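# Understanding the architecture of this molecule
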Amino acid sequence: MSEHNDSMKNQRLAEYFILSMIIAIGTPVCLLWGFQNGERMGAKAFLSNGQNSSVISSKTSMEMFLSSTHNIEEGKELFQKNCTACHGEQADGKGPAATALTPPPRDFMNPDAKWTRSREPQDVFKTISEGSPGTAMPSFSASLAVKERWALTHYLGTLPGMKGQFKPVDEATARNLAGETP
Ligand code: HEC
């Protein structure tokens, strides 16, 4: 009988031992895992937090809204690559594809041309991004980056057809568009 009791005791001891080993090893492993995971989540939250990410990217995003010489030059190149088939190399709406189109592509050299949207920078950007529904004017949101569409907007703003109708984006307005508070 006592022999049986002893073996019971030994089995208990063995069980306690295994249990305490699980706690002794498992706790730090879990803590470490939880800590690392928490750190990753923290880093993610930091990067996706609107304010922090705007601090990181504010320089580039503010600059793309600016009607600067640099952006205008970039827009001019992009126009020659993407827009001349319809709008023409001279931006006068006389591209090789123009004769086949109704309504015809906009003539950016003519201040009296009728426009679907306003010639304000944000509306021009919108047209380039979304296209003009029901016409041949395509959407460029998939093929050109936001920055490139803004560059095109700044370039178009320098053409005679925009005279007095396009207010070049100055630094204060660019900051506003970038969602920065002064
Ligand atoms: C396949 C032909 C085609 C191409 C390519 C094209 N456009 Fe157009 N675009 C048109 C047509 C047609 C219109 C006239 C749309 C209308 O009457 O609403 C137009 C109109 C516009 C307008 C004036 C919209 C308004 O409010 O009246 C802008 C700005 C413009 N295009 C910019 C561009 C830029 C920038 C590119 C190159 C990135 C480009 N387009 C490429 C055909 C084209």
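Residues numbered from 1 in each chain as written. Predicted model: local features only at pLDDT ≥ 70, side-chain atom pairs only at ≥ 80, totals over all residues.

### Digging into the overall build of the protein chain
Scanning the protein chain from terminus to terminus reveals seven helices and zero strands. Starting at the N terminus and ending at the C terminus, the protein chain contains elements arranged as α-α-α-α-α-α-α. The burial tally for the protein chain puts 20% of its 182 residues in the buried class. (Helix = DSSP H or I, 4+ residues; strand = E, 2+ residues; numbered from the N terminus. Buried ≥ 20, exposed ≤ 12 C-beta atoms within 10 Å, placed from the backbone.)

### Thoughts on the site of the ligand
Near the ligand you find 24 residues, and of these Cys-83, Cys-86, Arg-117, Ser-132 and Met-137 are the closest. The set of elements that each furnish at least two residues to the shell around the ligand consists of α4 (84-87), α5 (121-130) and α6 (146-156). Tallied by class, residues from the shell around the ligand come to 16 nonpolar, six polar and two charged. (Near = placed C-beta within 6 Å. Nonpolar A, V, L, I, M, F, W, Y, C, P; charged D, E, K, R; others polar.)

### Side note on the nonpolar core
In this structure, Phe-65, Leu-152 and Leu-156 are the most contacted members of the largest nonpolar core, which totals 16 residues. Put simply, the parts of the chain that give this core at least two residues each are α5 and α6. Take this core: its biggest share by element is five residues, from α6. The contact partners of Leu-152, leaving out residues within four places of it in the chain, are Gly-75, Leu-78, Phe-79 and Ile-128. (Core = buried A, V, L, I, M, F, W, Y, C linked by C-beta atoms within 7 Å. Contact = placed C-beta atoms within 7 Å.)

### Some remarks on unusual backbone geometry
Here Thr-102 and Pro-103 are connected by a cis peptide whose omega angle stands at -5°. With respect to the helices and strands, the residue Pro-103 is situated in the loop between α4 and α5. The backbone of Ala-91 shows a phi angle near 60°, a positive value even though the residue is not glycine. Its place among the elements puts Ala-91 in the loop between α4 and α5. For Ala-91, a count of 24 C-beta atoms within 10 Å gives the class buried.

### Quick notes on the confidence of the model for the protein chain
In the predicted model, the protein chain carries a mean pLDDT of 85, and 77% of its residues have values of at least 70. Here residues 42-54 scores under 50 on pLDDT; set against residues more than four positions off or in separate chains, the count is four contacts. (pLDDT = per-residue confidence, 0-100.)

### Focus on the packing of helix α3 (residues 69-82) against α6
Two numbers describe how α3 lies on α6: the axes approach to 7 Å, and their chain directions differ by 100°. In terms of axis orientation, α3 runs roughly perpendicular to α6. Of the residues in α6, those in contact with Asn-71, Ile-72, Glu-74, Gly-75, Lys-76, Leu-78 and Phe-79 of α3 are Glu-148, Trp-150, Ala-151, Leu-152, His-154 and Tyr-155. In the contact of α3 with α6, the residues fall into seven nonpolar, three polar and three charged. (Axes fitted to C-alpha atoms, helices over the stretch in contact; angles between N-to-C directions. Parallel < 35°, antiparallel > 145°, perpendicular 65-115°, else oblique.)

### Thoughts on the environment of Tyr-155
By the element assignment, Tyr-155 lies in helix α6. Setting aside residues up to four positions removed in sequence, Tyr-155 forms contacts with Ile-72, Gly-75, Lys-76 and Phe-79.

### Some remarks on α5
When α5 is considered as a whole, its buried residues turn out to be Pro-121, Val-124, Thr-127 and Ile-128. The buried side chains of α5 occupy one side of the element, clustering within an arc of 125° when seen end-on. Summarising the contacts, the buried residues of α5 are in contact with α6. Remark: Gly-131 follows α5 within two positions and exhibits a positive phi of approximately 80°. (Arc of directions from axis to C-beta.)

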